[in-house]
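Chain by chain, the residues run as shown.
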Amino acid sequence: MVEAATMDRAAVTARPGHNRPPVIEAINLKKHFPVKKGILRRTVGQVYAVDDITFSVGEGETLGLVGESGCGKSTVARTVLRLIEPTAGTIRLDGHDVTRLGKAELRPYRRQMQMIFQDPFSSLNPRMSAGDIVGEPLQVHGLASGKEKHEQVCEIFDQVGLRRSQMNAFPHEFSGGQRQRISIARALALNPKLIVADEPVSALDVSIQAQVINLMMDLQREKGLSYLFIAHDLAVVEHISHRIAVMYLGKIVEYADKRTLFTNPQHPYTEALLSAVPVPNPKLKRAKRLLQGDVPSPINPPSGCAFHTRCPYAEARCKVDTPKLVEISPGHGVSCLLRTN
Amino acid sequence: MSTIDFQTELTAAGANVKSRWGAVRFFVRRYPLGAGGAVIIAMMVFAALFAPYITMYDPLSTNAAASLARPSAAHWLGCDFMGRDLFARIVYGARLSLIVAVCSVTLGCTVGVSIGLLGGYLGGWFDLITQRFLEMMQSLPLLVMAIVMAAALGPSLPNTILAIAFVLVPTVARVIRANVLSLRERPFVEAAKAIGMSERRIAIRHVLPNTLAPLIVLATAQFGSTILIEAALSFLGLGVPEPHPSWGRMLSESAAEYVRTAPWLVIFPGLAISFVVFGINLLGDALRDMLDPRQRS
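Residues numbered from 1 in each chain as written. Chains lettered and ligands numbered in written order. Predicted model: local features only at pLDDT ≥ 70, side-chain atom pairs only at ≥ 80, totals over all residues. Heavy atoms only, no water.

**A few points about the overall build of chain A**
The helix and strand tally for chain A stands at 11 helices and 12 strands. If you line up chain A on its principal axes, its C-alpha atoms span 70 × 60 × 45 Å. In chain A, the proportion of contacts linking residues at least 24 apart, taken out of those at least 6 apart, comes to 62%. Approximately 15,100 Å² of chain A is accessible, and the part contributed by carbon and sulfur atoms is 50%. Distance between charge centres in chain A, computed from 43 positive and 34 negative side chains, equals 4 Å. (Helix = DSSP H or I, 4+ residues; strand = E, 2+ residues; numbered from the N terminus. Contact = heavy atoms within 4.5 Å. Areas by Shrake-Rupley, 256 points an atom, 1.4 Å probe, with all protein chains shown as cover. Lys, Arg positive; Asp, Glu negative; His and termini not counted. Charge placed at Lys NZ, Arg CZ, Asp CG, Glu CD.)

**Regarding the sheet that holds strand E1 (residues 22-37) of chain A**
All names here are of chain A. The strand order across the open sheet formed by 4 strands is E2-E1-E4-E5, and the pairing between neighbours is antiparallel. Of all strands in the sheet, those bounded by a partner on one side alone are strand E2 (42-58) and strand E5 (96-97). The pairing of E1 with strand E4 (residues 88-93) spans 5 bridges and is antiparallel. Residue pairing in the sheet places Glu 25 in a bridge with Arg 92 of E4. (Pairing = 2+ DSSP bridges.)

**Observations regarding the packing of aromatic side chains**
Enumeration over the complete set of coordinates arrives at 8 aromatic pairs over all chains. Measuring from centroid to centroid gives 5.9 Å for Phe 81 of chain B and Tyr 258 of chain B, while their planes differ by 25 degrees, and the two rings are stacked. With Phe 81 of chain B in the loop between helix H4 (51-54) and helix H5 (86-122) and Tyr 258 of chain B in helix H12 (residues 247-258), this pair connects stretches of sequence that are 177 residues apart. Each ring, one from Trp 125 of chain B and one from Phe 126 of chain B, has its centre 6.3 Å from the other, and the planes form 75 degrees; the classification is edge-to-face. When its relative accessible area of 65% is taken as the criterion, Trp 125 of chain B is described as exposed. According to the relative accessible area criterion, Phe 126 of chain B is partly exposed, its value standing at 27%. Every member of this aromatic cluster is reached through a ring pair, and the members are Tyr 248, Tyr 269 and Phe 307 of chain A. The side chain of Arg 339 of chain A reaches across the aromatic face of Tyr 313 of chain A, ending 4.9 Å from its centre. (Phe/Tyr/Trp six-rings, centres within 6.5 Å; stacked < 30°, edge-to-face > 60°. Buried < 20%, exposed > 50% of the residue type's maximum accessible area, 1.4 Å probe, protein only. Lys NZ or Arg CZ within 6 Å of the ring centre and 35° of its normal.)

**Regarding the interface of chain B and chain A**
At the junction of the two partners, chain B supplies 28 residues and chain A supplies 25 residues. Taken together, the two surfaces of chain B and chain A that pack against each other cover about 2,400 Å², and 57% of this comes from carbon and sulfur. Linking chain B to chain A there are 2 salt bridges. Across the salt bridge formed by Lys 103 of chain A and Glu 199 of chain B, the nearest N and O atoms sit 3.6 Å from each other. In this structure, the connection of chain B to chain A is made through 10 residue pairs in polar contact (both at pLDDT 80 or more). Among the elements of the structure, helix H1 (6-13), helix H9 (187-195), helix H10 (199-207) and helix H11 (212-235) of chain B are those that each provide at least two residues to the side of chain B that touches chain A. A per-class count over the side of chain B that touches chain A returns 13 nonpolar, 5 polar and 10 charged. (Buried area = accessible area lost by both parts, 1.4 Å probe. Salt bridge = Lys/Arg side-chain N within 4 Å of Asp/Glu carboxyl O. Polar contact = N/O pair within 3.5 Å; in protein donor to acceptor, adjacent residues only side chain to side chain. Nonpolar A, V, L, I, M, F, W, Y, C, P; charged D, E, K, R; others polar.)

**Details of the pairing of strand E11 (residues 326-329) of chain A**
All names here are of chain A. Note that E11 and strand E12 (residues 332-334) share 3 bridges and pair antiparallel. Residue pairing across strands places Ser 329 opposite His 332, the latter belonging to E12. The antiparallel pairing of E11 with E12 creates a hairpin that spans 2 residues between the two strands, and Gly 331 there sits at a positive phi of about 80 degrees.

**Some points on H5 of chain B**
Residue and element names in this part refer to chain B. With 37 residues, H5 should reach 54 Å at 1.5 Å per residue; the first-to-last C-alpha distance of 52 Å fits that figure. For H5, the tally of buried residues reaches 26 of 37 residues, placing the bulk of the element in the interior. At the N-terminal end of H5, a side-chain oxygen is found 3.4 Å from the backbone nitrogen of Phe 87, two or three residues along, and the residue is Asp 85. Phi turns positive one or two residues past the end of H5, at Gly 123, with a value near 65 degrees. (Expected span 1.5 Å × (residues − 1).)

**Points about the sheet that holds strand E3 (residues 62-66) of chain A**
Residue and element names in this part refer to chain A. Sheet architecture is open: 8 strands sit in the order E6-E7-E8-E3-E9-E10-E12-E11, paired in mixed fashion. With one partner strand each, in any of the chains shown, strand E6 (113-116) and E11 form the two edges of the open sheet. If you compare each strand with its neighbour and ignore which way they point, the axes differ by 25 degrees on average. Both strand E7 (residues 194-198) and strand E8 (residues 226-231) contribute to a ladder of 5 bridges, which runs parallel. Within E8, the position partnered with Val 196 by the bridge is Leu 228. Docked against the sheet, helix H7 (residues 206-223) engages E3, E6, E7 and E8, running at close to 160 degrees with respect to E8. Lying on the sheet, helix H10 (residues 268-275) is in contact with E3, strand E9 (243-248) and strand E10 (251-257); it crosses E9 at an angle near 105 degrees. (Axes fitted to C-alpha atoms, helices over the stretch in contact; angles between N-to-C directions.)

**Remarks on the nonpolar core**
Val 207, Ile 227 and Trp 247 of chain B are the most contacted members of the largest nonpolar core, which totals 77 residues. If you tally residues by element for this core, the top one is H5 of chain B, at 15 residues. With residues up to four places along the chain from it excluded, the contact list for Ile 227 of chain B reads Met 44, Ala 101, Ile 273, Val 276, Val 277 and Ile 280 of chain B. If you look at the next biggest cluster of nonpolar residues, it comprises 56 residues, including Val 66, Ala 169, Ile 240 and Ala 256 of chain A. (Core = buried A, V, L, I, M, F, W, Y, C linked by side-chain atoms within 4.5 Å.)

**Looking at the packing of helix H7 (residues 142-153) of chain B against helix H8 (residues 157-184) of chain B**
Residue and element names in this part refer to chain B. Contact geometry of H7 with H8 gives a least axis separation of 9 Å together with a crossing angle of 145 degrees. In the crossing of H7 with H8, the sense of the turn from one axis to the other is right-handed. Between H7 and H8, the contacting residues are Leu 142, Met 145, Ala 146, Met 149, Ala 150 and Leu 153 on the first element and Asn 159, Leu 162, Ala 163, Phe 166 and Val 167 on the second. Here the residues of the contact of H7 with H8 are counted per class, giving 10 nonpolar, 1 polar and no charged. (Left-handed = near helix turned anticlockwise from the far one by under 90°.)

**Brief notes about H12 of chain B**
The periodicity of an α-helix, 3.6 residues per turn, causes residues three or four places apart in sequence to face the same way. Counted at 1.5 Å a residue, the expected span for H12 of chain B with its 12 residues is 16 Å, and the 16 Å between its end C-alpha atoms agrees. Looking at H12 of chain B, one finds that the buried residues are Trp 247, Gly 248, Arg 249, Met 250, Leu 251, Ser 252, Ser 254 and Tyr 258 of chain B.

**A look at the pattern of salt bridges**
Tallying each qualifying case throughout the model produces 20 salt bridges over all chains. The residue Arg 82 of chain A makes a salt bridge to Glu 85 of chain A at a minimum N-O spacing of 2.9 Å. Since its relative accessible area comes to 38%, Glu 85 of chain A is described here as partly exposed. Several salt bridges converge on common partners, so that one network encompasses Arg 78 and Asp 198 of chain A together with Glu 190 of chain B.

**Describing the side chain of Asn 125 of chain A**
Within the element layout of this structure, Asn 125 of chain A appears in the loop between E6 and helix H4 (130-140). In terms of polar contacts, Asn 125 of chain A uses its side chain to reach the side chain of His 206 of chain B, at 3.0 Å. The contact partners of Asn 125 of chain A, leaving out residues within four places of it in the chain, are Ile 133 and Pro 171 of chain A together with Phe 188, Arg 205, His 206 and Asn 210 of chain B.

**Things to note about the environment of Met 216 of chain A**
All names here are of chain A. Within the secondary structure layout, Met 216 lies in helix H7. Separated by 56 residues in sequence, Met 216 and Val 160 have C-alpha atoms that sit 8.7 Å apart. With residues up to four places along the chain from it excluded, the contact list for Met 216 reads Ile 116, Ile 184, Ala 197, Pro 200, Tyr 227, Phe 229 and Ile 240.

**Examining the confidence of the model for chain A**
Mean pLDDT over chain A works out to 86, with 92% of the residues at or above the 70 mark. Here residues 1-17 of chain A is a poorly scored stretch, pLDDT under 50, and it has 37 contacts once near neighbours within four places are set aside; other chains count. (pLDDT = per-residue confidence, 0-100.)

So, in structure tokens, the structure goes:
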């Protein structure tokens, strides 16, 4: 759930239709990367990769996070998992604040949140067999070893649709889709509550994408997993997500449940994204609102509304006033001066 | 777990490792040149181990009557000016070269890999200091460095090993560090972090094994160059002292004086050196191909 910074937690969980307890909450999360120059490595600026975003993912729920490349989606994923340190904000896992935990204190929490990576070729160690890759998390956390580990790995292989006989094969012997299954199996090994999937299918063929997405949805039903699903392909996100948040230049500009977002988009950026989704029927004529230009640099984000440089409806005040994320109907938030007043 | 396991590597490459000879037969069929190199190295190791059974001559005993004897049935490769059998000296010289090469490469690679792995993975001040120091060392040519070291330590077998190991460290450390720097950013390292692995375990389990292929190529290349450096040091009188037979010194003793009158004194030790270095390089290339799973068809 995406919230205006001012909203309190009670309001977040009390929303109708979304009464699932949150597994992960990110509150006012910021990640700024310093830009350093010269011999002395002076900081000459900041990249506002993630700039004050708030959301939560409920139990058994999938939150889709969409946006153009470079808008900070992957940084959100890595910050939530504490793979990179947040500049500011709070991350709560199952109600526990994990933002400032040290490495050793964080370890038990790592079991509850796992990640699936975009590139199925470099996210697996080429020198380890598939069985070792999947069994490694069990070993690291001292959950199982020897025969017990082997049996658990066998079970996970069955769950993700890999053959047990493939356990001794090395990653390079698998196809892209199978490799992504290994990646999913590795994430499942620790029986996590949350899986952060960073564009898990964008490197795969379309036919394989569907298989992997369906596998993820089946696993969610069986195990009650929560997903933070990052993608730039809206069709994929529509298929798997319950709710969707749209990011632009490090900020969330609109969020809603899937149906609302696709039928009644409010933010001009969401509108443009949706109109760019290909439709299978070529005779269907649609009004296309294609955006001009590129995403502005997150080092010097535009003043006022960051989207005003590309917005077809922009007015003078958009360059000056910064819009706030406001809930226009329950569960539907928009950050646009024109649509919220 | 990804340790350096040749058995697994071979199985993955499709070799029949059930029988002991299966792996060997596989290697010979897949890499005939490498097998040739292995044979040369095996010959050298055999000569080193069984020197007394290969030749009946003592490499140290002189015989004035046989001074500068031509190659003949009695002295297969002839004799030097002190009447010492050249074949015996080359066979015993293999022992010396092997000891120097194995010890200095092991020592140099161990230190170099440790520095490269620590510096590359951890970065920070340790990396900064070691890299500047290695750059200083590398500003001198390898051989000059070895000569300085050997001269400072004095000629003896352990000192020669130490001097050669010392000059190997910068190359190994820098290659490993560069490799580690790129491996560190790979998603599978990030995945290991997400699992909750400790940094040390990631470095040893995930990063180190992936530097294996370049390390083996490097170690074999270095193996060849240690033999050359040892020869050069001995040539200059800074290596293993008399009367131990060193291929390098055998060359140097005879090169100036006897190259015209008794060319066998120059040709055969020179051939021994080139032959062994050539064999090591062949073997090294084949090992690299075999140990890099991505190069398998």
